[in-house]
Amino acid sequence: MSADLGASAERTRTREAAVPGPQPGPADGHMPPEPAVLAAPAAVAHASDRGARIVAVAIALAWHVAIGLPAVLATRTQFAAPTVVLGGWILVAVTGAVAGVRLLRGSPLPPWPLAGLLLAVDAAVFAAVGERQLFAAANWVWGTLGWFFVLALWGRRVGGLVVLLTTHALIALVAVLAHGPGSADLARYTMYVYGTFSLPVAVFVGSAVIVGLARDRAAASAAMHTLAAERAAAERGRQERRDRLSLVGAAAGRVLGELAAGDVDPDDPEAQRRCVLAAARLRRLIAESDDVPDPLLHELRAAADLAERNGLPIDLVAIGNPPPLPVEIRRRLADPLTGLLADARGWARLTVVSGPGEVVVSLVTPDREGPDATGPPPGEHEDGPVQHLYERDGDIRWAQTRWLG
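All figures in this text were calculated on a predicted structure; none of them were measured in a lab.

S.K.: Please give an account of the overall build of the protein that cites residues and values.
M.R.: Summing up its helical and strand segments, the protein has ten helices and six strands in all. Entry remark: accessible area of the protein is about 21,100 Å², with carbon and sulfur atoms responsible for 63%.

S.K.: Outline the environment of A172, supporting the account with residue identities and numerical values.
M.R.: Tracing the backbone shows A172 in helix 6 (residues 158-178). For A172, a relative accessible area of 0% corresponds to the buried category. Sequence separation between A172 and V125 is 47 residues; the distance between their C-alpha atoms is 10.0 Å. For A172, the residues in contact, after removing those within four places along its chain, are F126, W142 and Y189.

S.K.: I'd like to hear about empty space enclosed by the protein, residue by residue, with values.
M.R.: A probe as big as a water molecule, rolled over the atoms, marks out the empty space that is left. Per the stated rule, a full pass over the model turns up three cavities of 30 Å³ or more. In this structure, the largest cavity spans a volume of roughly 70 Å³. Mapped by element, the contributors of at least two residues to the lining of the largest cavity are strand 3 (358-366) and strand 6 (396-404). In terms of residue class, the lining of the largest cavity is made up of seven nonpolar, one polar and three charged.

S.K.: Describe the side chain of T75, listing the residues and the values that go with them.
M.R.: Checked against the element boundaries, T75 lands in the loop between helix 2 (36-74) and helix 3 (82-104). Taking relative accessible area as the criterion, T75 reaches 16% and is therefore assigned buried. Reaching out from T75, the side chain makes a polar contact with the backbone oxygen of A71 at a distance of 2.8 Å. In this view, T75 contacts Q133 and A138; residues no more than four positions away in its chain are not counted.

S.K.: Explain the confidence of the model for the protein to me, using residue names and the numbers behind them.
M.R.: Predicted confidence across the protein gives a mean pLDDT of 79, with 82% of residues reaching 70 or more. Within the model, the stretch residues 1-37 combines pLDDT values under 50 with 46 contacts to residues more than four positions away or in other chains.

S.K.: Explain the pattern of salt bridges to me, using residue names and the numbers behind them.
M.R.: Two side chains bearing opposite charge may form a pair once their charged atoms approach each other closely. In this structure the tally under the stated criterion is eight salt bridges. Residue E358 is joined to R402 by a salt bridge in which the shortest nitrogen-to-oxygen separation is 2.5 Å. Taken together, the residues E358 in strand 3 and R402 in strand 6 connect sequence positions 44 residues apart. You can call E358 buried: its relative accessible area is 7%. R397 is paired through a salt bridge with D367; the nearest N and O atoms lie 2.9 Å apart. On the criterion of sequence distance, the pair formed by R397 in strand 6 and D367 in the loop between strand 3 and strand 4 (379-383) is long-range, its members being 30 residues apart. Of the residues examined, R397 reaches a relative accessible area of 6% and is grouped as buried.

S.K.: Could you give an account of the packing of helix 4 (residues 111-129) against helix 5 (residues 141-152), with specific residues and numbers?
M.R.: Where helix 4 meets helix 5, the closest approach of the two axes is 10 Å, and the angle between their N-to-C directions is 175°. On the basis of the axis angle, helix 4 is roughly antiparallel to helix 5. On helix 5, the residues touching P111, L114, A115, L118, L119, D122, V125 and F126 of helix 4 are V141, W142, L145, F148, F149 and A152. Classifying every residue of the contact of helix 4 with helix 5 gives 13 nonpolar, no polar and one charged.

S.K.: Describe the environment of F204, naming the residues involved and giving the relevant values.
M.R.: Relative to the helices and strands, F204 resides in helix 7 (residues 183-261). The spatial distance from the C-alpha of F204 to the C-alpha of A56 is 8.5 Å, given a sequence separation of 148 residues. Sequence-distant contacts of F204, that is, excluding residues within four places in its chain, are made with V150, L153, W154, G155, R156, R157, V158 and L161.

S.K.: Summarise a nonpolar patch on the surface; cite the residues concerned and give the values.
M.R.: A cluster of nonpolar side chains, namely L73, L86, I90, V94 and V98, defines an oily patch on the protein surface of about 390 Å² accessible area. Of note, V94 is situated in helix 3. On the basis of relative accessible area, V94 is assigned to the exposed category, the value being 52%.

What counts, and where the lines are drawn
- Residues numbered from 1 in each chain as written.
- Predicted model: local features only at pLDDT ≥ 70, side-chain atom pairs only at ≥ 80, totals over all residues.
- Heavy atoms only, no water.
- Helix = DSSP H or I, 4+ residues; strand = E, 2+ residues; numbered from the N terminus.
- Areas by Shrake-Rupley, 256 points an atom, 1.4 Å probe, with all protein chains shown as cover.
- Buried < 20%, exposed > 50% of the residue type's maximum accessible area, 1.4 Å probe, protein only.
- Contact = heavy atoms within 4.5 Å.
- 1 Å grid on protein atoms, 1.4 Å probe; cavity = no way out; pocket = protein on both sides within 12 Å on 5 of 7 lines; lining within 4 Å.
- Points joined across faces, edges and corners; volume = space filled by probe spheres on them.
- Nonpolar A, V, L, I, M, F, W, Y, C, P; charged D, E, K, R; others polar.
- Polar contact = N/O pair within 3.5 Å; in protein donor to acceptor, adjacent residues only side chain to side chain.
- pLDDT = per-residue confidence, 0-100.
- Salt bridge = Lys/Arg side-chain N within 4 Å of Asp/Glu carboxyl O.
- Axes fitted to C-alpha atoms, helices over the stretch in contact; angles between N-to-C directions.
- Parallel < 35°, antiparallel > 145°, perpendicular 65-115°, else oblique.
- Patch = residues over 30% accessible without salt bridge, like charges linked within 9 Å, V, L, I, M, F, W, Y side chains within 5 Å.

Right, here's the structure in full:
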């Protein structure tokens, strides 16, 4: 008998070595968490920011073309250096269009080189417009340049924009002082500086605030929906557990009722098998709700412990760490093998091979004559996402359940 048992064990190891296992994965056996919780807030924030960028680009280019260009063309002969004023307008128009397109595509131009170019044009135009057009609409840098500063520094801190606008105001002050201003010129200068500061800064800060509020509200809404979904899933899980407990309890109750009524003999192997199977299902159902790091192995150990208590030597081998699995998948992996354990005689070997996207559970027991009491039909079939394989060859019985993520 020892020789037969040794031969059976050797065949068991040979059969299990042929079982395809999962590919190597991370050391902890878990895939990186998906950013599902962050996806919705990020998408809402991106949409809000894109809308604000479109508005900023439209304001800058529309102001530059619709207000600045007609004034420059109408008074070009009155400038001290018309070529400089018109050339600066064209340079800013082309640069602003490129910067706007790049900003809308999410790949803005380098901010500080662009800002330096705008400030150079700013100084050249103030020097070229002359005293008569210093505060006229033809001096387009007053109203336009601040919006291009916004495009250059979009998405950065507001302090950089304040520095650029302050530099713009100082350049304008030098030009005003160079023409010997009176009190009226200084008053107009103050009014112009206020206008160039207030609107661009308001749009710049307001867009950032709106994006932040949109992100926060989307995050709060996503958290509420996640909580509601988890609550609904927990309620469904409790209801399914009640239903399953009712079915398992009814099966156990029938067995106990028949024993109590004397309808079955306690020494009958079939009655013993039914008792072991009912106890194994109850024990596994209880193990499902335990808070443990590895629920699948915990449930399989519960079934193995019960088999050992009934005198069945069982060897449980675990390779790798199973990924987090839903209760339904764990049931489909464990239930068929739990039923076979209740019918096993002599010895059993239970093997769990796990990876990030695959879990294979195998059970090998000695074969014996007669039809199966609990085994599935020989061959391979599927139960949803879980594949079942059952074979017997007169020496061993081999069953496998396999989940592919």
